[in-house]
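# Structure assessment
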There are 2 protein chains.
Amino acid sequence: MLNRVRSAVAHLVSSGGAPPPRPKSPDLPNAPSAQTAAPPEAPRSPPARAGSSAPAKTVEARASFSRPTFLQLSPGGLRRADDHAGRAVQSPPDTGRRLPWSTGYAEVINAGKSRHNEDQACCEVVYVEGRRSVSGAPREPSQGQGLCFYYWGLFDGHAGGGAAEMASRLLHRHIREQLKDLVEILQDPSPPPLCLPSTPGAPGSSDASHLVGPQSCCSSQKEVTHESLVVGAIENAFQFMDEQMARERRGHQVEGGCCALVVVYLLGKVYVANAGDSRAIIVRNGEIIPMSREFTPETERQRLQLLGFLKPELLGGEFTHLEFPRRIQPKELGQRMLYRDQNMTGWAYKKIELEDLRFPLVCGEGKKARVMATIGVTRGLGDHNLKVCSSTLPIKPFLSCFPEVRVYDLTQYEHCPDDVLVLGTDGLWDVTSDCEVAATVDRVLSAYEPNDASRYTALAQALVLGARGIPRDRGWRLPNNKLGSGDDISVFVIPLGGPGSYS
Amino acid sequence: MLNRVRSAVAHLVSSGGAPPPRPKSPDLPNAPSAQTAAPPEAPRSPPARAGSSAPAKTVEARASFSRPTFLQLSPGGLRRADDHAGRAVQSPPDTGRRLPWSTGYAEVINAGKSRHNEDQACCEVVYVEGRRSVSGAPREPSQGQGLCFYYWGLFDGHAGGGAAEMASRLLHRHIREQLKDLVEILQDPSPPPLCLPSTPGAPGSSDASHLVGPQSCCSSQKEVTHESLVVGAIENAFQFMDEQMARERRGHQVEGGCCALVVVYLLGKVYVANAGDSRAIIVRNGEIIPMSREFTPETERQRLQLLGFLKPELLGGEFTHLEFPRRIQPKELGQRMLYRDQNMTGWAYKKIELEDLRFPLVCGEGKKARVMATIGVTRGLGDHNLKVCSSTLPIKPFLSCFPEVRVYDLTQYEHCPDDVLVLGTDGLWDVTSDCEVAATVDRVLSAYEPNDASRYTALAQALVLGARGIPRDRGWRLPNNKLGSGDDISVFVIPLGGPGSYS
């Protein structure tokens, strides 16, 4: 996440202390100054496949720089991964344990805009043990009726690496917590019960005959699918993760915020949950299927403006919820300026009044678009301390931690080894179009045997390299001599042939 | 608009008087009781192609039943059009002046659910004279630099015909008013000025050099297109129309509300603006291009829930913003019920608390979905008096008068005589799929010569007949013996070959 939080980093106070002095560079985050690498023997992520593993609520203080455990970096490797000059592409070692599902992964640090790589990643197989049976009867631990899900997460941090690091360690555990109640329900082909007993042994009330005095529009029961329960579990897990960050930000170093792009594979379906400006696409038989959309001040303009309109106190008298095509000058008072409000997609002229001279809540275009002149993404986790520059006005009320979840049914199509789901942080997509990614998929995978398990890592590396470029002409350049991405770049390549099919 | 407003019609008070007693049928609107038809010599709509015609602000009281002037109905014809038993399909006469743009039109009254046909329609060519020159210099009236737009409007009334009738007479004039400032700008190929002088003769300030002290994210000017100015003009016209209804509802008979589906053709582009549950599709070379989407409690659930969450006072302690799959029973307190809030698309379980026993803000499914148990559409004009049944809680705050506007560039494709834009009220779409409409387009138009101007009216008639069915087995039945639509049905068929091309 490069250049996505401006000016406001100085206000990222920790533990309720006074704001630190503003750093010289507005893009330099308030990151821990120690450059010592975390020892590799301290694993980033405890084993997730254990019902008895530490609950999601527990957080250890973890101030030092870290990279994903699955990279198996030695202290020297960690230093190379942290080197802005060399920008060496990192992948899991060929010799080590492969990532689940033959997943390919590659990453590279930014060109110097933040001290460390603020992207984080996680790839796990997670076992969910049911909390109790739906009928209320106590479960036998040996029954083996739990569920497994595959999990991939990309977290693009801004204004510090703490939130991304914490999310990469804990978000999948929140998802597991949410799924615990659903273990039996999801494995039962009948429709989910609408109502569950509050205590084990109490009778359920999913029977429609309990209804009395139905009203015309509410007499029927809505059909709720298994799929929508998983979507709801993921949505709530994002919220619980965000709330945990809010609770623990003072005791621990949870600096900044992060975008979160998460994939869950469960019972034949792929759930892609996105909160931020990372992106997921499926490349299937050369065809591109978008699996996410980006949440930015431009794409969420109307949501932000509506909130500012309904809750003007959130604007603190400093901002106007109206959008103008440029900043208005005081001498233009009384003239007529183009504007649009929360209801409009088109533009119209309005007479400029005094309050229109306030700074617009949403301004700028493309990568320069900002909420309250500060942040360039509108969904994600963390950012609880984020304030408007030179002000105490909080920005968090305008940010949403809720992802949009898209579902892809893996069983509806016979996938070949070249069909992949590609996840990338904005470092990839800023300089690479969907079509260019699809072309790289075709070019790289056709150079490897279909059963060569290293092909997906090679593809991830090629995508990262293609977005980074090579150092030339005072910068990182692409073959067409355009600037490569100076941002952190992280890419997962997930083959769609199913777990183990091509490993 | 059939069955779209329940129970609440009794609360549609007029002129601030006490609510009338609730009618026996909840679907019978509070319509004027006089069944006398308006004399045909009293035109519904004054000629629009006149800069000096009455301004949009003027409204005559108009309590009696009327049908679109272009139908040229005699008193006897008007009685037949008002006959629920015969349900004769109405179209402009073959012998009379054709509708602009060789437009086809047909309509039929409902099967008895409301006293009169609550749909209304308008088809006009509207001349816009510029209000003044952009440069501030007074305009010569003889300069002839005005603009013409073609206009079609379908208005589907509910809980009375007043709002639909008023909108059909006045909305295009509000659009003309909004366009008056844009006459010169839209004809100038250079980008629109961002700022206009407040008074004629004052210098404009569209010059970027006026900017001082640019801030990082607001230093640039946004590009605003001519197209987005027209979109903004249409959006604001809807709002002004709605505000006029609010102002004049007491002095005049503006009962109920209406959905509005409007098409504007201006300078090569077709603008389709929809607020409600009517629908527009283009059928082009057999392909279907959706030109609108419906706004209902289901499609706008999250907007409604967010408003209820942010402004709980609008729920009056009677409703909960949470959605449940069915009404909760008091005895279920403490159990866990599926729910979703304004942030969720999936479902999850929550423990039932006392306030969850309130009636859900949004409930029901499909055509039975309702806001506050009352209204089944969430956008449109009017409804300023609409209250929740047995309560004084207003529903209007949850309804939006803003349309979604989609733009189709007529110049980007060489259209053949069989390419059409079809507009229909929900009476058509409730029983007819987009594909069935496309099949009817093909079947009917291929039976006529391409230059036969009557083919588009024949197509509109076929669509209305196909949705109405024939009286059989105690109801109106389609050929497959399913029930036909008992609602008012109105259809415009607009050939895309351009004005006059096929007339």
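Small disclaimer: the values here were computed from a predicted structure and weren't measured.

## Let's talk about the overall build of chain A
- Counting its regular elements, chain A contains 8 helices and 20 strands.
- Here chain A, with 503 residues, has 57% of them falling under the buried criterion.
- Considering only intrachain contacts with a sequence separation of at least 6, the fraction spanning at least 24 residues in chain A is 71%.
- A total of about 19,500 Å² of accessible surface is found on chain A, and carbon and sulfur atoms cover 51% of it.

## Here we look at the environment of B:Leu196
- Secondary-structure assignment places B:Leu196 in strand S4 (residues 195–196).
- Separated by 12 residues in the primary sequence, B:Leu196 and B:Glu184 have C-alpha atoms spaced 12 Å apart.

## Quick notes on the sheet that holds S4(B)
- With antiparallel pairing, 3 strands are arranged side by side in an open sheet as S11(A)-S10(A)-S4(B). Single-partner strands in this sheet number two, and they are strand S11 (348–351) of chain A together with S4 of chain B.

## Describing the interface of chain A and chain B
- On the chain B side, the residues contacting the 67 residues of chain A number 67 residues.
- When the two sides are added together, the surface that chain A and chain B hide from each other amounts to roughly 6,000 Å², 55% of it contributed by carbon and sulfur.
- Scanning the region where chain A abuts chain B turns up 4 salt bridges.
- Here B:Asp181 makes a salt bridge to A:Arg336, at a shortest N to O gap of 3.3 Å.
- On inspection of chain A and its partner chain B, the count reaches 24 residue pairs in polar contact (both at pLDDT 80 or more).
- At 7 residues, helix H4 (residues 226–248) of chain A tops the list of elements feeding residues into the side of chain A that touches chain B.
- Of the residues that constitute the side of chain A that touches chain B, the class distribution is 34 nonpolar, 17 polar and 16 charged.

## Here's the deal with helix H7 (residues 434–445) of chain A
Residue and element names in this part refer to chain A.
- Between its terminal C-alpha atoms H7 stretches 16 Å, which fits the 16 Å expected from 12 residues at 1.5 Å a residue.
- Looking at H7, one finds that the buried residues are Val437, Ala438, Thr440, Val441, Val444 and Leu445. Down the axis of H7, the buried set is contained in an arc of 160°. They therefore lie on one face. For H7, the exposed residues lying more than 90 degrees away from the buried face are Cys435, Asp442 and Arg443.
- Against strand S7 (279–284), strand S8 (287–290), strand S17 (420–424), helix H6 (426–429) and helix H8 (455–468) lie the buried residues of H7.

## Topic: the side chain of A:Arg326
Residues and elements named next belong to chain A.
- When you line up the elements, Arg326 lands in the loop between strand S9 (319–320) and strand S10 (336–339).
- Its relative accessible area of 2% is what places Arg326 among the buried residues.
- A polar contact of 2.7 Å, which involves the side chain of Arg326, links it to the side chain of Glu332.

## As for the packing of H7(A) against H8(A)
All names here are of chain A.
- Interhelical geometry of H7 versus H8 gives an angle of 140° and a closest axis separation of 10 Å. On the basis of their axis angle, the class for H7 and H8 is oblique. In terms of crossing hand, the pair formed by H7 and H8 is right-handed. Contact residues: H7 offers Val437, Thr440, Val441, Val444 and Leu445, while H8 offers Arg455, Tyr456, Ala458, Leu459, Ala462 and Leu463.
- The class makeup of the residues in the contact of H7 with H8 is 9 nonpolar, 1 polar and 1 charged.

## Looking at the packing of aromatic side chains
- Under the definition given, this model contains 20 aromatic pairs over all chains.
- Arranged with centres 4.6 Å apart and planes meeting at 70°, the rings of A:Trp101 and A:Tyr265 form a pair that is edge-to-face. Here the residue A:Trp101 occupies a position in the loop between helix H1 (75–81) and strand S1 (104–108), and A:Tyr265 occupies one in strand S5 (residues 257–266), the gap between them amounting to 164 residues. Just as A:Trp101 is buried, A:Tyr265 falls in that class too.
- Aromatic pair B:Tyr150 and B:Trp152: ring centres 6.2 Å apart, planes at 20°, arrangement stacked. Each member of the pair, B:Tyr150 as well as B:Trp152, carries the same accessibility label: buried.
- The residue whose ring lies beneath A:Arg87 is A:Trp476, and the NZ or CZ to ring-centre distance is 5.0 Å.

## Some points on the domain arrangement of chain A
- Entries for chain A in the domain assignment read domain 1 (69–131 + 146–190 + 226–295 + 400–495) and domain 2 (301–376).
- Between the C-alpha centres of domain 1 of chain A and domain 2 of chain A there is a distance of 34 Å.

## So, the pattern of salt bridges
- Scanning all chains against the criterion turns up 46 salt bridges over all chains.
- Between B:Asp277 and B:Lys367 there is a salt bridge, with its nearest N and O atoms 3.7 Å apart. In this pair, B:Asp277 is assigned in the loop between strand S6 (269–275) and strand S7 (279–284) and B:Lys367 in the loop between strand S13 (362–363) and strand S14 (370–371), connecting sequence segments 90 residues apart.
- The partly exposed category is assigned to B:Lys367, whose relative accessible area is 36%.
- The structure contains a network of salt bridges with shared partners spanning A:Lys222, B:Arg301, B:Glu323 and B:Arg340.

## Brief notes about the environment of B:Val362
Residue and element names in this part refer to chain B.
- By secondary structure assignment, the location of Val362 is in strand S13.
- Overall, Val362 belongs to the buried group, its relative accessible area being 4%.
- Setting aside its immediate chain neighbours within four residues, Val362 contacts Pro297, Leu304, Glu323 and Arg370.

## Details of the relation of the copies chain A and chain B
- It takes a turn of 180° to lay chain A on chain B, together with a shift of 0.0 Å along the axis; the resulting RMSD is 0.0 Å. Overall, the copies show the geometry of a two-fold rotation axis. Nearest to the rotation axis, the C-alpha of A:Leu310 is located 3.8 Å from it, this being the minimum over chain A.
- Interface overlap between copies is the fraction of interface residues in one copy that are interface residues in the other; for chain A against chain B it reaches 100%, indicating a shared surface.

## Comments concerning the sheet that holds strand S11 (residues 348–351) of chain B
- Strands sit in the order S4(A)-S10(B)-S11(B) across an open sheet of 3 strands; the sheet is antiparallel. One side of each edge strand has no neighbouring strand; the edge strands of this open sheet are strand S4 (195–196) of chain A together with S11 of chain B.
- Where S4(A) and strand S10 (residues 336–339) of chain B come together, 2 bridges link them in antiparallel fashion. Bridge assignment links A:Leu196 to a residue of S10(B), and that residue is B:Arg336.

## Brief notes about unusual backbone geometry
Residue and element names in this part refer to chain B.
- Of note in the backbone geometry, Arg87 takes a positive phi value of approximately 50° without being a glycine.
- One non-glycine residue with positive phi stands out, namely Trp101, at about 65°.
- A relative accessible area of 5% means that Trp101 is categorised as buried.

## A short note on the confidence of the model for chain A
All names here are of chain A.
- In this model, chain A carries an average pLDDT of 83, and 79% of its residues clear a pLDDT of 70 or more.
- With pLDDT under 50 throughout, residues 7–63 is counted as low confidence; its partners more than four residues away or in other chains account for 123 contacts.
- Note that pLDDT drops below 50 for residues 200–215; the model gives that stretch 31 contacts with residues more than four away or on any other chain.
- In the predicted complex, the global pTM is 0.84; the interface-specific ipTM is 0.83.

## Focus: the side chain of A:Asn274
All names here are of chain A.
- With respect to the helices, strands and loops of the structure, Asn274 is situated in strand S6 (residues 269–275).
- Judged by relative accessible area, which is 1%, Asn274 ranks as buried.
- Here the side chain of Asn274 touches Arg293 through a polar contact of 2.8 Å, landing on its backbone oxygen.
- The residues contacting Asn274, other than those within four sequence positions of it, are Ala260, Leu261, Ser292, Arg293, Glu294, Phe295, Pro403 and Glu404.

## Details of helix H2 (residues 162–180) of chain B
Residues and elements named next belong to chain B.
- The terminal C-alpha atoms of H2 lie 27 Å apart, and with 19 residues this matches the ideal 27 Å at 1.5 Å per residue to within 8%.
- If you look at H2, its biggest bend is around 40°, right at Ser168.
- Most of H2 is tucked away: 17 of the 19 residues are buried.

## As for the environment of A:Arg303
All names here are of chain A.
- Relative to the helices and strands, Arg303 resides in helix H5 (residues 301–310).
- Put simply, Arg303 and Gln342 are 39 residues apart on the chain and 7.3 Å apart in space, counted from C-alpha to C-alpha.
- With residues near it in sequence (within four places) discarded, Arg303 still touches Thr378, Arg379, Phe398, Leu399 and Ser400.
- Within the local environment of Arg303, its side chain forms a polar contact with the side chain of Glu300, the two groups lying 3.0 Å apart.
- At 3.1 Å, the side chain of Arg303 and the backbone oxygen of Phe398 are in polar contact.

Each value, and the rule that gives it
Residues numbered from 1 in each chain as written. Chains lettered and ligands numbered in written order. Predicted model: local features only at pLDDT ≥ 70, side-chain atom pairs only at ≥ 80, totals over all residues. Heavy atoms only, no water. Helix = DSSP H or I, 4+ residues; strand = E, 2+ residues; numbered from the N terminus. Buried < 20%, exposed > 50% of the residue type's maximum accessible area, 1.4 Å probe, protein only. Contact = heavy atoms within 4.5 Å. Areas by Shrake-Rupley, 256 points an atom, 1.4 Å probe, with all protein chains shown as cover. Pairing = 2+ DSSP bridges. Buried area = accessible area lost by both parts, 1.4 Å probe. Salt bridge = Lys/Arg side-chain N within 4 Å of Asp/Glu carboxyl O. Polar contact = N/O pair within 3.5 Å; in protein donor to acceptor, adjacent residues only side chain to side chain. Nonpolar A, V, L, I, M, F, W, Y, C, P; charged D, E, K, R; others polar. Expected span 1.5 Å × (residues − 1). Arc of directions from axis to C-beta. Axes fitted to C-alpha atoms, helices over the stretch in contact; angles between N-to-C directions. Parallel < 35°, antiparallel > 145°, perpendicular 65-115°, else oblique. Left-handed = near helix turned anticlockwise from the far one by under 90°. Phe/Tyr/Trp six-rings, centres within 6.5 Å; stacked < 30°, edge-to-face > 60°. Lys NZ or Arg CZ within 6 Å of the ring centre and 35° of its normal. Domains from an automatic or database assignment. Least-squares fit on C-alpha atoms with pLDDT ≥ 70 in both. pLDDT = per-residue confidence, 0-100. Bend = angle between axes of the 7 residues up to and from the residue.

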